Amino acid sequence: MSRGAFGRSDAEIDLLVRGMRSGIAVVGFGYIGTVIGAVLADRGWPVTGIDVRQHVVDEINQGKSHVPEPGLGDIVASSVEVGRLRATTDFSVVADNDFIIVTVGTPLGPDYEPIVDDIKAAARAVGEHLRPGHLVILKSTVPPDTTETLVQPILEEVSGLKAGVDFGLAFCPERLAEGQAIRELTSIPVVVGAVDERSARSCATLWRHALGLESIVVEDPRTAEMVKLADNLWIDLNIAMANELAKVCDRLDMDVLQVIAAANSMPKGMHNVNILSPSMGVGGYCLTKDPWFVNHLGENLGLELRVPRTSRTVNDTMPSYTYGLLTQLLADQGKAIENSKIAVLGIAFKNNTGDCRLTPTKYVVELLEGSGCQLTVHDPWVPDEEAHTVTKIPLSPDIESAVKDADALVVLAGHREFHQIPLVRLADLAADRCVFLDGRNSFDPAAARAAGFVYKGIGR
Ligand SMILES: NC(=O)c1ccc[n+]([C@@H]2O[C@H](COP(=O)([O-])OP(=O)(O)OC[C@H]3O[C@@H](n4cnc5c(N)ncnc54)[C@H](O)[C@@H]3O)[C@@H](O)[C@H]2O)c1
């Protein structure tokens, strides 16, 4: 049994961590847990993933990952093979690890409120096996005060130990983005908010040696919890602004990307203006819920916040806006959508991932299905099972069969594979004067037009 990292001297923690003799348990082996666990194992740490889903555990122990993230499959396979990564449903392994990282999900409820049931269950199960010296790090996105008023009391009650005295407790928001998760996990600074100074130090020491990252230590867990929500509110609102600029530029027949690139050259404060890119919609597990967490927080505090609701509402208009662009483009070619063949390329919520959770592409596909058009769908990243959550139309096995005789190609996720096939080849396969609606602005308009397509992006 481990003696743990919390409560030791700095030099001892340093030695323990530097020597990679600490075991790390990762509770919740979903998207984030698998990335964190596999990267730590790949860097030499003994990692045990704990999840309540038996099939996830079985897959990991076979060296496979269900998480569609570039590069992840390889490091899961190699780490399992050398014995540094394993998974289990048995929480008793918590006792043998110095660090316990909790990454269970925090979905949005029917009234746009955060659901923290999995956090409570995980805290209870961890608490049963908590030992003096453990450091517990919560990484799930949660409303402020969750670590100290929900997780800490459960851990203390179940274990009979005291946070900040017997065991360490910290909140460190996970700020990586899917599609580049492995690189971002080892490059984005870690924010640490702990219940006491010793917890903060143990945590910062872990991240320094484990990921080569310095920590930004904030006052307490609640501040760190708010940091994550502030990040995602900024991103969602920024994209909402880009999307409304794109709508204006569409009407003015102007290229919004040129406007944004030039606008972003202006220094403001310590950095430049940084307007993000417009697209056919915002999806995924974080940006679609975290602004609502802020909105809910405001309601609890008696505040009527307008920003989170606005950003969510604007971004939620983009799928129907995209569908409107398509029908107009087809009409300009003298075609009605119900008589057209449409090829959708990419249904994941983001370029170069296979994640379809809360994907805005679903709404475009639903509108297309309702239109009576002849529809084909292709996505090389999305497994059939996951695709079923978006459409019941079976995925076309390759881009050629999807695109054949199409009146319109609608790119909803700009995966790199779509860029590897020459545009002239696609234009040859498609119908004459085929519309190319680039919902991710990921193609060069001039190249698409030169290939023979009627090109249109979002705002360009
Ligand atoms: N996906 C992202 O890009 C991202 C980025 C930053 C932060 N986050 C946050 O990280 C957290 C996890 O997100 P995710 O995308 O990995 O979610 P996920 O749904 O992919 O993974 C959660 C995992 O926790 C497991 N789980 C549920 N209850 C459990 C319990 N009691 N004990 C053990 N395991 C349990 C589930 O089976 C699942 O495998 C969320 O709070 C999310 O907001 C996600």
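Residues numbered from 1 in each chain as written. Predicted model: local features only at pLDDT ≥ 70, side-chain atom pairs only at ≥ 80, totals over all residues. Heavy atoms only, no water.

Asker: Please give an account of the pattern of salt bridges that cites residues and values.
Answerer: Opposite charge on two side chains allows them to pair when their charged atoms are near. All chains considered together, the criterion is met by 19 salt bridges. When the shortest N-O distance is used, the salt bridge between Asp 316 and Arg 312 registers 3.2 Å. You can see Asp 316 and its partner Arg 312 sitting in helix α12 (residues 307-316), 4 residues apart, about one turn around the helix. What makes Asp 316 partly exposed here is its relative accessible area of 47%. The partner of Asp 355 in a salt bridge is Arg 357, and the shortest N-O contact between them spans 3.1 Å. The class of Asp 355 is buried, set by a relative accessible area of 3%. (Salt bridge = Lys/Arg side-chain N within 4 Å of Asp/Glu carboxyl O. Helix = DSSP H or I, 4+ residues; strand = E, 2+ residues; numbered from the N terminus. Buried < 20%, exposed > 50% of the residue type's maximum accessible area, 1.4 Å probe, protein only.)

Asker: Just give me the short version of the sheet that holds strand β2 (residues 47-50), but keep the residues and values in it.
Answerer: Here we have 8 strands laid out as an open sheet, ordered β3-β2-β1-β4-β5-β6-β7-β8, and mixed in their pairing. If you trace the sheet from one side to the other, it starts and ends with β3 (85-88) and β8 (215-218), each paired once. Neighbour-to-neighbour, the strand axes of the sheet open up by a mean angle of 25°, direction not taken into account. Note: β2 against β3, 4 bridges, orientation parallel. Counted as the bridge partner of Val 47 is Leu 85 from β3. (Pairing = 2+ DSSP bridges. Axes fitted to C-alpha atoms, helices over the stretch in contact; angles between N-to-C directions.)

Asker: Can you lay out the UniProt feature "domain: UDP-glucose/GDP-mannose dehydrogenase C-terminal" (unreviewed entry) in the protein chain for me, pointing to particular residues and giving the numbers?
Answerer: Mapped onto the present numbering, the UniProt feature "domain: UDP-glucose/GDP-mannose dehydrogenase C-terminal" (unreviewed entry) falls on residues 343-445. In residues 343-445, helix accounts for 32% and strand for 16%; the two terminal C-alpha atoms are 18 Å from one another. (UniProt positions renumbered as here; feature names shortened; annotations may be inferred.)

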